[in-house]
Amino acid sequence: MSYSEPVRAAAGNPVVRPISAAEHAAFVRAQRSVSFLQTPAWGRVKTEWRSESLGWFDGRRLVGAGLVLHRPVPRLDRFTLAYLPEGPVIDWSGDIRTWLDPLAAYLKAHGAFAIRLGPPVATDTWSAAQVKEGVADPDIRRLTDLPGWWGDPVGARVSGGLKDAGWLPQNPRDGFGVGHPQFKYEVPLAGRTEGELLRGMNQQWRRNIKKAAKEGVEVTAGDGSPEDLKAFHDLYVHTAERDRFTPRGLRYFETMFAALRAEDPQRITLYLARHQGDLVAATVLVRVGAHAVYAYGASATDKREVRGSNACQWAMIRDALAAGCDVYDLRGITPTLDADDPHVGLVRFKVGTGGRAVRYVGEWDLPLRPMVYRAFDLYMRRRRR
């Protein structure tokens, strides 16, 4: 269970060196699927970080790649945290030290005080039925309390290998931290039809999709024109005020659409659901190869009964299936199954699609300059108070 079939392993210890954005993009295109956070275009989105593309070479053959985002230390600008979100793209099934040791040596020599990465490798999977039973059982509080889940031996080996090599886990108990989520919800698409996907959803989801169609909700998919992005962003800000989270600015989405579409015109799509001319829901889909991701969503408080959000989700799932994707990724969930926990509502919503809950290896740090790393860790802890 991972984002893609593993890249072919190097015969010996690969050498790490910088590669161009064009080389990196060509390597990504050659993979079955890769996280969009590991594309060179993502470095152009994260303007507050300095980015570079690194490659692993077996002789002259490029056998792995990673996008590194560099974050400077306050008042110590010559040192950086080197971050590889949901990466790098290497063969995680083999000896990970042959891949990560040369990465550490390169980054330390170029001023990194620590590396943070998130291997795109799963450790555990739970079916929708298991999750639903867990929510209904008052004795089950977390996904990890559920019996009989499926464990991935590759994920277990990666976790053990990172620990043995001195890497430090950065996975908060609630599943959400300063980085990317360890627990996600995914809908498998490979080998399935639209009818099978619908039958895999719960009754409420099927009813809501039919309700949206009956009410005349129309979903359009586009490239994010200035007018459409402004409409999406207005609804997104409204959603943030209602649901009490801090929204990103319009400029961020303009940059995101411009950068990702410049790398691949099919990379990112904006979905708008309208009812009698009113925008009732909007979503953003990002696709790299066979991996489709529900990246952002927004919904109106009025007209919720016409189920615009379900209509958008169904349109994205159908388009991902038509594009030959292996998985539709609904991104993060918390591992809670406690019916009294406010986060369980998000779990219930995503479980309604069928699919599965997945725990990934999560994010890990390797301190390269321990004193600087401790100072940075203290700084971040104070910021989060």
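Figured I'd write up the structure that's included with this text. Everything numeric here is computed off the predicted structure, so don't read it as measured data. (Residues numbered from 1 in each chain as written. Predicted model: local features only at pLDDT ≥ 70, side-chain atom pairs only at ≥ 80, totals over all residues. Heavy atoms only, no water.)

Comments concerning the pattern of salt bridges
Here is step 1 of the chain: One pass over the full model with this rule turns up 19 salt bridges.
Here is step 2 of the chain: Note that glutamate 186 is salt-bridged to arginine 356, the shortest N-O span being 3.4 Å. With glutamate 186 in strand β9 (residues 183-188) and arginine 356 in strand β15 (residues 356-360), this pair connects stretches of sequence that are 170 residues apart.
Here is step 3 of the chain: Glutamate 186 gets classed as buried once you look at its relative accessible area, which sits at 1%.
Here is step 4 of the chain: Across the salt bridge formed by arginine 267 and aspartate 264, the nearest N and O atoms sit 3.7 Å from each other.
Here is step 5 of the chain: Overlapping salt bridges bring together Arg44, Glu263, Asp264 and Arg267 as one network. (Salt bridge = Lys/Arg side-chain N within 4 Å of Asp/Glu carboxyl O. Helix = DSSP H or I, 4+ residues; strand = E, 2+ residues; numbered from the N terminus. Buried < 20%, exposed > 50% of the residue type's maximum accessible area, 1.4 Å probe, protein only.)

Describing helix α9 (residues 250-263)
Here is step 1 of the chain: For α9, built from 14 residues, the straight-helix expectation of 20 Å at 1.5 Å per residue is met to within 8% by its first-to-last C-alpha distance of 20 Å.
Here is step 2 of the chain: Turning to α9, its buried residues are Tyr252, Phe253, Thr255, Met256, Phe257, Ala259, Leu260 and Glu263.
Here is step 3 of the chain: Tucked inside the fold, the buried residues of α9 contact α1 (21-29), α2 (40-45), α8 (226-243), β11 (268-275), β12 (278-288) and β13 (291-299). (Expected span 1.5 Å × (residues − 1). Contact = heavy atoms within 4.5 Å.)

A short note on the nonpolar core
Here is step 1 of the chain: Counting residues in hydrophobic clusters, the biggest one holds 42 residues, and the most contacted among them are Val131, Leu143, Leu189, Tyr328 and Leu337.
Here is step 2 of the chain: With residues up to four places along the chain from it excluded, the contact list for valine 131 reads Trp126, Leu143, Leu146, Leu337, Val347, Val351 and Ala357.
Here is step 3 of the chain: With 38 residues, the next largest nonpolar core counts Phe27, Val45, Leu272 and Tyr296 among its residues. (Core = buried A, V, L, I, M, F, W, Y, C linked by side-chain atoms within 4.5 Å.)

Some words on the side chain of glutamate 363
Here is step 1 of the chain: Within the fold, glutamate 363 resides in the loop between β15 and β16 (364-367).
Here is step 2 of the chain: Despite its burial, glutamate 363 pairs with no opposite charge, the nearest such side chain being arginine 116 at 4.9 Å.
Here is step 3 of the chain: A polar atom in the side chain of glutamate 363 sits 2.4 Å from the side chain of tyrosine 83.
Here is step 4 of the chain: Of note is the side chain of glutamate 363, whose polar atom sits 3.4 Å from the backbone nitrogen of histidine 180.
Here is step 5 of the chain: Setting aside residues no more than four positions away along its own chain, glutamate 363 makes contact with Tyr83, Arg116, Leu117, Gly118, Leu168, Pro169, Gln170, Asn171, Gly179 and His180. (Lys, Arg positive; Asp, Glu negative; His and termini not counted. Polar contact = N/O pair within 3.5 Å; in protein donor to acceptor, adjacent residues only side chain to side chain.)

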